[in-house]
Every structure is written in C-alpha cells, then in structure tokens.
Amino acid sequence: MEVKTSLLDNMIGVGDMVLLEPLTEDSFIENLRNRFDHNEIYTYIGSVVISMNPYRSLPIFTPEKVEEYRNRNFYELSPHIYALADEAYRSLRDQDKDQCILITGESGAGKTEASKLVMSYVAAVCGKGQEVNKVKEQLLQSNPVLEAFGNAKTVRNDNSSRFGKYMDIEFDFKGDPVGGVISNYLLEKSRVVKQPRGERNFHIFYQLLSGASDDTLRKLKLDRDFSKYNYLSLDSANVNGLDDAANFRTVRNAMQIVGFMEDEVQSVLELVAAVLKLGNIEFKPESRSNGYDESRVKDKNDLKEMCELLGIEQSVLERAFSYRTVEAKLEKVSTTLNVSQAYYARDALAKNLYSRLFSWLVTRINESIKAQSKTRHKVMGVLDIYGFEIFEDNSFEQFIINYCNEKLQQIFIELTLREEQEEYIREDIEWTNIEYFNNAVICDLIENNQNGILAMLDEECLRPGTVTDITFLDKLNTVCAEHQHFESRLSKNSKFLTDHSLPHSCFRIQHYAGKVLYRVEGFMDKNNDLLYRDLSQAMYKANHKLIKQLFPEGNPAKVNLKRPPTAGFQFKHSVGTLMRNLQTKNPNYIRCVKPNDKKAPRIFTDSLVRHQVAYLGLMENVRVRRAGYAYRQAYEPCLERYKMLCKQTWPHWKGPTREGVEVLMADLQVSTEEFAYGNSKIFIRNPRTLFSLEEKRRGCLENLAALIQKIYRGWKCRTHFLLLKHSQVVVAAWYRRYAQQKKYTQIKSATIMVQSYSRGWKARKILRELKHQKRCEEAATTIAAYWHGTQARRELRRLKEEARNKHAVSVIWAGWQGTKARRELKRLKKEARRRHAVAVIWAYWLGLKVRREYRKFFRANAGRKIYSFIMQRLMQKYFLGLKRDLPSMSPIGGSWPTRPYRFLDTAHTELRSIFHHWRCKKYRSRFTDERKAVFEEKLQASEIFKDKKALYPSSVGQPFRGDYLEISKNPKYQKLSSAMDEKVLLADVVNKINRANGKGTARIFLLTKNNFVLADQKTGQVKASVPLPDLASISVSTQNDGFFALKLKEGSAGATKGDFLLSSEHLIEIITKLRRTGATAVNHDHLDIDISDEFLVQFKQDKVCVKFVQGAPKNGNGASCKRKNNRLLEVSVPSTA
Ligand SMILES: Nc1ncnc2c1ncn2[C@@H]1O[C@H](COP(=O)(O)OP(=O)(O)OP(=O)(O)O)[C@@H](O)[C@H]1O
Ligand SMILES: [Mg+2]
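Summarised in this report is the structure supplied together with it.

About the criteria used
Residues numbered from 1 in each chain as written. Chains lettered and ligands numbered in written order. Predicted model: local features only at pLDDT ≥ 70, side-chain atom pairs only at ≥ 80, totals over all residues. Heavy atoms only, no water. Helix = DSSP H or I, 4+ residues; strand = E, 2+ residues; numbered from the N terminus. Rg over C-alpha atoms; globule rule 2.2 N^0.38 Å. Buried < 20%, exposed > 50% of the residue type's maximum accessible area, 1.4 Å probe, protein only. Areas by Shrake-Rupley, 256 points an atom, 1.4 Å probe, with all protein chains shown as cover. Lys, Arg positive; Asp, Glu negative; His and termini not counted. Charge placed at Lys NZ, Arg CZ, Asp CG, Glu CD. Expected span 1.5 Å × (residues − 1). Arc of directions from axis to C-beta. Donors = N, O, S within 2.8 Å, 3.2 Å for Na, K, Ca; no water. Polar contact = N/O pair within 3.5 Å; in protein donor to acceptor, adjacent residues only side chain to side chain. Contact = heavy atoms within 4.5 Å. Pairing = 2+ DSSP bridges. Axes fitted to C-alpha atoms, helices over the stretch in contact; angles between N-to-C directions. Near = heavy atom within 4 Å. Nonpolar A, V, L, I, M, F, W, Y, C, P; charged D, E, K, R; others polar. Phe/Tyr/Trp six-rings, centres within 6.5 Å; stacked < 30°, edge-to-face > 60°. Lys NZ or Arg CZ within 6 Å of the ring centre and 35° of its normal. Salt bridge = Lys/Arg side-chain N within 4 Å of Asp/Glu carboxyl O. Core = buried A, V, L, I, M, F, W, Y, C linked by side-chain atoms within 4.5 Å.

1. Thoughts on the overall build of the chain
Okay, step 1: Broken down by element type, the chain carries 32 helices and 31 strands.
Okay, step 2: For 1137 residues, the compact-globule estimate of 2.2 N^0.38 gives 32 Å, and the C-alpha radius of gyration of the chain, at 63 Å, exceeds that figure by more than 25%.
Okay, step 3: Counting only C-alpha atoms, the chain reaches 200 × 140 × 50 Å along its principal axes.
Okay, step 4: In the chain, which comprises 1137 residues, the proportion classed as buried is 45%.
Okay, step 5: By element, 54% of the accessible surface of the chain is carried by carbon and sulfur atoms, the whole surface being about 62900 Å².
Okay, step 6: A distance of 24 Å separates the average location of the 181 positive side-chain charges in the chain from that of its 135 negative side-chain charges.

This is the structure in structure tokens:
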C-alpha cells in the first residue's frame, strides 16, 4: 500500500516559508540556515523553490529520488527541485499548459546547475523509445558544448555563464520530448581579449590546449603552453577541480552526439586556434613622410600561421591592420592606422570572430535539436541567464547583465506579487494590501525609449561630432539627474557632489539587488561594436567555409552603408521578446541563493544571504502567499474537476457553474474559512484543503474507473457468452443434420436390400416357368424334326438312286468325246513341228547364202578398223561436248563438265588443268604494269600481315590508293608538293601520338622513293623528313588498331628527335609501301616489321613502352591511347566481339 506522506513529515525547520511563525527576516534567515546545516538546500514559498548552493555533491539527485518524486503531489514530499520539475511537467502533459522555469539568483548561486537538474529530471520521467532517447540525449548534450564556449572562471564562480540562455523544450501530446530551440543572449565577448585579475578566458581555449592530441595541435599550429598566448591569463590558468583535458573529451563527444560533422568540429577548432593566434600578432610603428606613424605587423609568423589556418591571403589581412577604408556615399577614403588603432582592430576582430562563432554554434545546435514535425507542441522553457553581478570595476557587460536581471525581477513581481494582489481585487476578495518594492522604475531608467540610459547611449553613438564616453556621461548627468535611482558626481543632484566613493568617470544605479557603480570607459565602443569593414572583407575573402559564413557583411557585393544596430539596442530588443514569450507561459520559479562568497561547502554567511533574501523580495513573497489563498481556479474547470464528488453535480450540473461549485462545497462540508468565492474563481486558502479535494477525487475516480471496468467486463463477458451461444446453436444444427443424414442413408440401403431380395425371388419364379415352357416347346420341335428327318432321308435315298443312273450315262459319253479330241490334237502337233523345221532349215540356208555373198567384200583387219572408227566417233563426240560446255574464264571458277566415259578419266583431269592454266595466262595477259604492281603490293601485304594482325582482313577488299590527299592537284598542298622533288608514293593524314598525354595530332604523311616526310596538316610545313635508310624497323600490334611505330637507326640524323608513334586508318598500306620502297632504298631484302602487343619506342632520351590491351566493345570509336606513367602508354583497343 502506498504510504501517504506530507511536506510536514520529518520536517527540518519549516519546509514551506508560508507556514513560518513568527514571520520575520531573522526567523526567515534562521530557517534557511537551519535547513542548510542539515543538507536541506530546498525550501518552498508556496510554489516557489528557494535553492541554496551546497557547493558539494549531495546524495539527493539519484535515480531513486527521481522515482520518489515522480507523479507525486507538490506538497507531498520534502521540498525538492524535482517536485517543481514534476509539477511543471505534469501540468504541461495533462493540462496542456505551456510552462516556463525561471531560474534567478546572483552569479554562482547555482542557476545553471538547477537548470540541468530540471532538464535531467524531465528526461528521466518522460517517455522512452529509441527516437525519444536520441532527442533527450541531444538536448542534454547541448549543455557541455555551450558551457565550454560560453562559460568561464570568474572570481565569483568557476563555471560562470557568460551568456544568457533560454531553452524551449518541445513535447508531443504524450509528453515525450520532440525537440527544442535555444536562444542565446549577449555573450560577454570582451573576455576573449582581456580578463580581470583572477579570472580566465572561456573554457574552450584551455580545454583545447590541454586536451587535444599532439597531432591535432600540430594541425592547428598550436603549442600546449598557455604562456605562449597573449589572450590567456596565466594567474588562474589551472582551476582546482576542473580537468580541462577530460572536459575537452566530453565536449568533443557531446558535439558528436548533438550531430556536428567531423569537418564542422575541425572548422570550429580552427577558429578557436585562429583567435589565439590573433592575440599574438603585435604591431610596431613605422614613420611616414607626412609625419604620422603607421602600424606594421612586428613578427609575421603568427599572422602567417593564422592566415594559413583560415585560408586568408596574408597580404590582405596585413593591409587591413595598417589601413582603414571609409566609404561615404560615392567616395572611398583610405586612412592609415596607428599602432593603438591596429591593436583595437585586432581585438575587435578577435571578439567578433569568437562571438559570431558562438552564435553559429547555437544555430547549429538548434538545427540538430529542432522538432521534426510542424504541428503545435507543448513547450517547457528553461531560462538560465547570467546572475546579477557587482564587481569592483563594472562596465557595459555588467550594465547589460544587471538590466536583464532587473527585467526578470520585474516579471517575477508582475506575475507573483502584483498579479496576485490585483487578482484579489478583481475577484472581490477581501484583501489587505502588502507593500513591496516595484523595480519598474529602474527598468524604465534603463530602457525608456526617450530618456532611458540605453537610448542616450545609442543617441550619443549616432551623434555626429566628437563623442566620447565622457560626453555620454555628461548627457546622462543632464537627462537622468533627477531620477531617484541614478547617482553621479556631476549630476545636478547636489547630494552626490561630495560623495568620494563615486569617481567622476562613473555613474551609479540603485538596482533592486543593490547599488552598482559603472565606469563609463568603453561604453561607447562596446555599444558600437565596431569592426572595420576592411577586416570583415578580409574575413569574407577567406578560403574557409565557416569563416566566410560568419562575416556576410564582408561580401563586397552587399556593401551596406547603414550602421548595424547597436549592442544595447539588440539586447533590449531580445530581452523584450523573451519577456513577452515568458508572459504567455505558466511560470515556475527557482530562486537561487548563494550561501557564501568562498565557493565553499557548509559555510553560511548571514549577511550575504540576508542581502539576497532582501533583493529577491522573498519576504514580500511569503507575506503575499500568507495573506492570500494558496490555490485558485475558475469555477468551470473546478466544477468539471470535482463534480464527481457530489451526487447533485454528477454527472451533469444544469445551473450556473458558480452555484454548482457552491453546492459541491456544501456537500463536501468544507469549512467556510478554507475558501472564498471570487467573481470568476474559487480561492482555496490552504493547500491541504486542495489535497483533500484531490484525494477524494482520486478515490472517486477509482470508483468511476471500477464502474467503467465493471460495465466493460460485463459487456465483454456478455458478448463472449452470446458468441458461445450462437456457436453452440450452429454446432447443434450441424450435428442434427449429420445424424439425420446418417439414419436416412441406413434406411435407404435396408429398403434397397429388401427390394432386391423380393425382386430376385419373383424373377427366379418367372424364370422357372419360362424354362419349363421352353422345354415343352423344344420337345415338340425335336419330335417333329425327327419325323421330318426320316421323311427327308427317304426322299434323298430315292433321288440319289435316280441321279446315279443319270451320271453313269453322261460319264460314258464324255469319255468317248475325250478320246476323240486327243487323237485330233496329236495330229495337229505333228503337223506344226514339221512346218517349223522347214522354216529353220530355210533360214540357215539363206544365211549361208548371204555370208558366202558378202565374204568377198571384207579384209582380214576390218575388225580393228571398225574399232578405231567407233573410238574416233566417241572422241569426236566427247570433244564437241566439252567445247559446248566449257566453264567460265574466271581464274577462280571451279566448275568442270562431268566425264562421259570411264576410259577418258586421265585425259579429262589433264584437260581440266591445261584449261585452268590457259585461262590464268589469258587473265594475266590483260594486266597493265600498274595493276600488276598493285597486286604485288597486296601480295606482299598478305605475306606481312596475314594471320598476324587482326586489322588485315578488313584491308584486303580496300584498294591501295596511295595518294589519298591528291597532293599534286590539291592547291592547299601546292607548297608541300613543290617541296618534294621526288614522286609521292603515298600521301595520307596520320595522327602523331604525343608521348606526354597519348593524344594524337594530325600530320600529313608522305612517302617518296627515298624519304618519308611528316608535315603539318594545316600549313603544309614539313616537320620531319627521314631518309628511308635511316629507318630501322617498324612495330605494330597484333590487334585491330592503326598504331605503328617507325623506329630509326641509332645514330642516324633523323634519330635525334626519337622514333615516331603514329596511327593511321591505312596502316596496312603504309607499312607495305614503306617496306617495298624501304627495301629498294635501303637495298637490302627487307625492313624488319615487328608485330607484337608490347614494344618500346625511343622518345628523345627515354624509352617508352607502348602496350595494347583489349577494351570493352565500342561502337564507332577506335583505339584510344592513354599515358599511364612516364614509361608506359596504354592503347586500349575495343574488342571486335
Ligand atoms: N545543486 C548543486 N549541487 C552541488 N553543487 C552545486 C549545485 N548548484 C551549484 N553548485 C556549485 O556551484 C557552482 C556554481 O553554480 P552555477 O554555475 O550553476 O552558478 P550560476 O548561478 O549559473 O552562476 P552564473 O550566473 O555565474 O552562471 C557550480 O559549479 C557547482 O560547483
Ligand atoms: Mg550559470
């Protein structure tokens, strides 16, 4: 069971100052001290949390504590910052009210730590999930990055925020964070170039030098030694408890989580390094002829390194440190800078560079953490602004910081004190007025548009003529002299004429938190925030992406002669926007108090705390809370929230809401002192009354939930039951159907069985009767048949006897007729034989007679003659047939008539060969000498290239034309033609390959009997003329390309320029001609032709290897040559596949 606790349980002192008795300043401080001594650093004033800085880590921020405070009522547990964070988060999530958490207090009071505690609490209690966790992580990790660049050690705080920060965390309807937006306010940039005694520059400088690796430092041209940098103060370079190196790693890691790219981090570090380098640039005077001194950079090494880091041209920056260009409307005037002006320019550049880098970081973080969806989100704003500051020497920055704190105090007063009182009056609630100090008058002194200090400062900055910080003070002395919170020695107010604590160059303001003396020196400069245009232009010219982005006004195309708004104006404007934003949100206050000035734990300095309690207006705050009512709510939401507690109002109240609330309160029997009815709201005096209402509501809600649950469960069970019932009916119906079906089938089969038995019996009976009937019929038939048979046999026997008698007569007749016929046949045969014999004897006799007659006409060798005659006839017929069927005269014709007789086999083959030789001879005899030469060339080409170079087959069909350029006829080549004193055997355009890049240059290639010549294609000018005897060999590849190298003999005149690597479409022809002509000129049998895919070519001094490789198949494009390295040219030949 949950244990009910209360703020009042185990309370040390009083947890809520509203309950303090008696209420005096002493008892207030005593209560704070008592609680502080017992490690109770948080105390409430109603819903406001007072936070004392413990200056040591207490075990009250553990995950267990987070769980303890999660979803608990504000007053339920002892005071804690987590209770406030939980309250704000829940009313954001459940009531859809935007929240803001205002954390105030002086420097070192613990505002930044408090803001981080709030953020980490919210991160711990809100939803989880991969995406949500990423957003949370990014939001939390933005803190270390901004602290490294925006915090520094001051005398008051080792980690003092030197900028104001307001962060809006956006949540979706479930209360899960979806993103955030950070706004930053005026970074104290003067710290970059100068730090007061005992203070440090921004942490990042020390972190970079201590934590970066040697390699990174080398790249950034930095040295680990702090003492090498003018901008780093040395007296407090190392701070106790601050590990700069470890923090640097944390910052790098955080940047990575937030989403910075590696090159962005590098750019940021380069800029930080550049600021350090800038600080080391020193100047010396150089006298000019006009008597003025001009500044010159003393030692250019740092300048050079800085320019290298940022990619700036050294001379540009150097000039910007020596000259200043002033642009009026149409004029540009360049003036020289003296040494002090140069230092001023250098520091202004460093300050601007750093502060712009800081603003860029905020924008970049915002880009990473911004919510993805555009829908309206619930927002929780956390404001952590620099605390109120009083130093020995207060300048423009302190003035601005304290002004901001005045505004925050104002909004606090507005919303808590004034609003509270005004609300009671508005609501007609009885009220005793509480006096409190309203600091609106101080805000007015500073920000009034007509005569406020900021307006005066701007007016003075814009005024023509000589304006100085002193003229500004004079102006203040006249305008603000009467103001009760303004003090100055020279003002008309005689009260301060003799006040020696007030120097002449200062003015003093009585802030709500105390009097602060401001030294006017530097006010004008800092407000103007002037950076010479030459410097911004030099920065814009930098070859560094980030720096160019930071100085957009340096773009010469966008020269703007208008003055940029002053620092004061900008700050006032952004503070105004912030205040308006805060007013739209539900405020939650954390008032941070610093227990001592020593940054030490367990020390409670009474006077210091008393001072803070006074100026924070905490006493007034308690008084107002005590006099008033702790809680109020409009009637409608109140009735809506608690209407379930009363039967009359539940579930709907028909009448006016106020009456409804009255009925409700009466029904609940709340004592009448505990609440009051306002015009539109009910006011509840005591938080406990509210808690008891809440408690009852929660109980009631539980009952309602139980009711809903009961009805739902009933509905669910009923639905389930109905479903089961329906299913049962369906199942039963199906079963019955099945059973009936089965029974029916059984009956049906039994019936069929009975039926078949009865039918069988009937059929058998009929069958028996039919069989008997049939047998009777058969018996009668058999008897009749036997009778008829006997009758028939008897008839047959009679008929047979009769027939036998008739047959005997006819047989005897036939026998007689036959004998007669045979005798006649025998006679006829004898007669015929005799006639045939006579005819044969006659024929023989005639033959004998003929032979005897003709024998006298024939000689003894007549047979051979007849044989030869027949042979002659056959041969004649063969030759005539051959003549008629002769095949074509083409030497390549393959047909030949078929052989008619086998005995002609040899002659036929022989004749075929003779005929072929003869037609070849005929064919040859038709050739002219030129044609003969052409064929000889083709023959030679075949000898050289056939089966050796893939290009060869495509060249066979192409005639060798020789003079492709028609060199003698073409007027363009007239000059070249006349320079040739020999007949041109070949003229063609070839590509001469350039060794340097493998590209070809068109050249005219001419071959004469003794030389080959290369000439310029356009001008015809002879580039090289080489006698053929100087040609040693030719190299070509085995592939389908036109590349060939003409290699010259070593030591020959032409060889000085080296070999020629050429390419031609007519490679086969060129090389064949070169070989033919070369062979005659050289007078030896042949010129070497080397065919291989890798050969060396001598270019002047170097030998270069030309290598042929198979490329991918291509359409149209031929081989391409590329230079791979000094010694290798690669020719890629598209494969023909
Ligand atoms: N709750 C805390 N627990 C432990 N130490 C704390 C706590 N709050 C503050 N401190 C200590 O006090 C120091 C100063 O706190 P913090 O930086 O939050 O002050 P601040 O109010 O933001 O001051 P400034 O206005 O100068 O930025 C911290 O560095 C830390 O050492
Ligand atoms: Mg801070």
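2. Considering helix 25 (residues 657-668)
Okay, step 1: End to end, helix 25 covers 16 Å across 12 residues, agreeing with the expected 16 Å (1.5 Å per residue, within 8%).
Okay, step 2: Of the residues making up helix 25, those classed as buried are G660, V661, L664, M665 and L668. All buried residues of helix 25 fall inside an arc of 130° around its axis, so they share one side.
Okay, step 3: Following helix 25 by one or two positions, Q669 adopts a phi angle in the positive range, close to 55°.

3. Comments concerning the coordination of the magnesium ion (ligand 2)
Okay, step 1: Every protein donor of the magnesium ion (ligand 2) is accounted for by T112 (OG1) and S161 (OG), and the metal-donor separations fall at 1.9 to 2.0 Å. Here S161 lies in strand 5 (residues 160-161) and T112 lies in helix 4 (residues 111-125), a separation of 49 residues in the sequence. In this structure, T112 and S161 share a single accessibility class: buried.

4. Some remarks on the side chain of S190
Okay, step 1: Structurally, S190 can be placed in helix 6 (residues 190-193).
Okay, step 2: In this structure the side chain of S190 is engaged in a polar contact, spanning 3.0 Å, whose partner is the side chain of E397.
Okay, step 3: For S190, the contacting residues outside a window of four places in its chain are K351, E397 and K526.

5. Digging into the sheet that holds strand 27 (residues 1088-1091)
Across a sheet, strands are paired by hydrogen bonds formed along the backbone, either parallel or antiparallel in direction.
Okay, step 1: Taken in spatial order, the 8 strands of this open sheet run 23-22-21-20-26-25-24-27, and their pairing is mixed. With partners counted over all chains shown, the strands left at the sheet margins are strand 23 (1022-1027) and strand 27, one partner each. Direction aside, neighbouring strands of the sheet carry axes that sit 30° apart on average.
Okay, step 2: Two strands pair when backbone bridges link them, and strand 20 (residues 984-993) and strand 21 (residues 1000-1008) are joined in this way by 9 bridges, in the antiparallel orientation. Within strand 21, the residue paired with N991 across the bridge is A1002.

6. Observations regarding the site of ligand 1
Okay, step 1: Around ligand 1, 19 residues are found, and the nearest of them are S107, K111, T112, S160 and S161.
Okay, step 2: The contact in question runs from an oxygen atom of ligand 1 to an N or O atom on the side chain of K111, over 2.7 Å.
Okay, step 3: Protein burial of ligand 1: of its 620 Å² of free accessible surface, 86% is covered by the chains.
Okay, step 4: Looking at the shell around ligand 1, the elements that each hand over two or more residues are helix 4 and strand 5.
Okay, step 5: When residues of the shell around ligand 1 are assigned to their parent elements, the largest contribution, 3 residues, is made by helix 4.
Okay, step 6: Taken together, the residues of the shell around ligand 1 sort by class into 5 nonpolar, 10 polar and 4 charged.

7. Structural notes on the environment of L20
Okay, step 1: Here L20 shows up in the segment before helix 1 (25-37).
Okay, step 2: The contacts of L20, once residues within four sequence positions are left out, are V14, S27, F28, N31 and R626.

8. A look at the packing of aromatic side chains
Okay, step 1: By the definition in use, this model includes 41 aromatic pairs.
Okay, step 2: Measuring from centroid to centroid gives 4.4 Å for Y44 and F74, while their planes differ by 20°, and the two rings are stacked. Within this pair, whereas Y44 is found in strand 1 (residues 42-45), its partner F74 is found in the loop between helix 2 (63-69) and helix 3 (81-95), the two being separated by 30 residues in sequence.
Okay, step 3: The class of Y44 is buried, set by a relative accessible area of 0%.
Okay, step 4: With a relative accessible area of 5%, F74 lands in the buried category.
Okay, step 5: Consider the rings of Y635 and Y677, whose centres lie 6.4 Å apart with planes at 40°: the pair is tilted. Taken together, the residues Y635 in helix 24 (residues 635-642) and Y677 in strand 18 (residues 675-677) connect sequence positions 42 residues apart.
Okay, step 6: Assessed through its relative accessible area of 24%, Y677 is described here as partly exposed.
Okay, step 7: An aromatic cluster is built from F396, F399, F472, F486, F507, Y518 and F523, whose rings are joined through pairwise contacts.
Okay, step 8: One residue, K548, lies across the ring of Y540, its end atom 4.5 Å from the ring centre.
Okay, step 9: It is R591 that lies over the ring of F412; its NZ or CZ is 3.7 Å from the centre.

9. Side note on the pattern of salt bridges
Okay, step 1: In the structure shown here, the tally under the stated rule is 69 salt bridges.
Okay, step 2: Linking D606 and R33 is a salt bridge whose minimum nitrogen-to-oxygen distance equals 3.2 Å. In this pair, D606 is assigned in helix 22 (residues 606-615) and R33 in helix 1, connecting sequence segments 573 residues apart.
Okay, step 3: For K407, the salt bridge identified is with E447, shortest N-O distance 3.1 Å. With K407 in helix 14 (residues 396-426) and E447 in helix 15 (residues 440-447), this pair connects stretches of sequence that are 40 residues apart.
Okay, step 4: Put simply, E25, D26, E30, R33, D606 and R610 are held in one network by salt bridges that share partners.

10. Some details on the nonpolar core
Okay, step 1: In terms of nonpolar packing, the biggest core is built from 187 residues, with F28, F149, L317 and F507 touching the most fellow members.
Okay, step 2: Sort the elements by how many residues they give to this core and helix 13 (residues 339-369) lands first, with 15 residues.
Okay, step 3: Look past the residues within four positions of L317 in its chain and what remains in contact with it is L303, M306, C307, I312, L349, L535, A538 and M539.
Okay, step 4: Formed by 29 residues, the second largest nonpolar core is a distinct cluster that contains L1046, F1060, I1068 and I1071.

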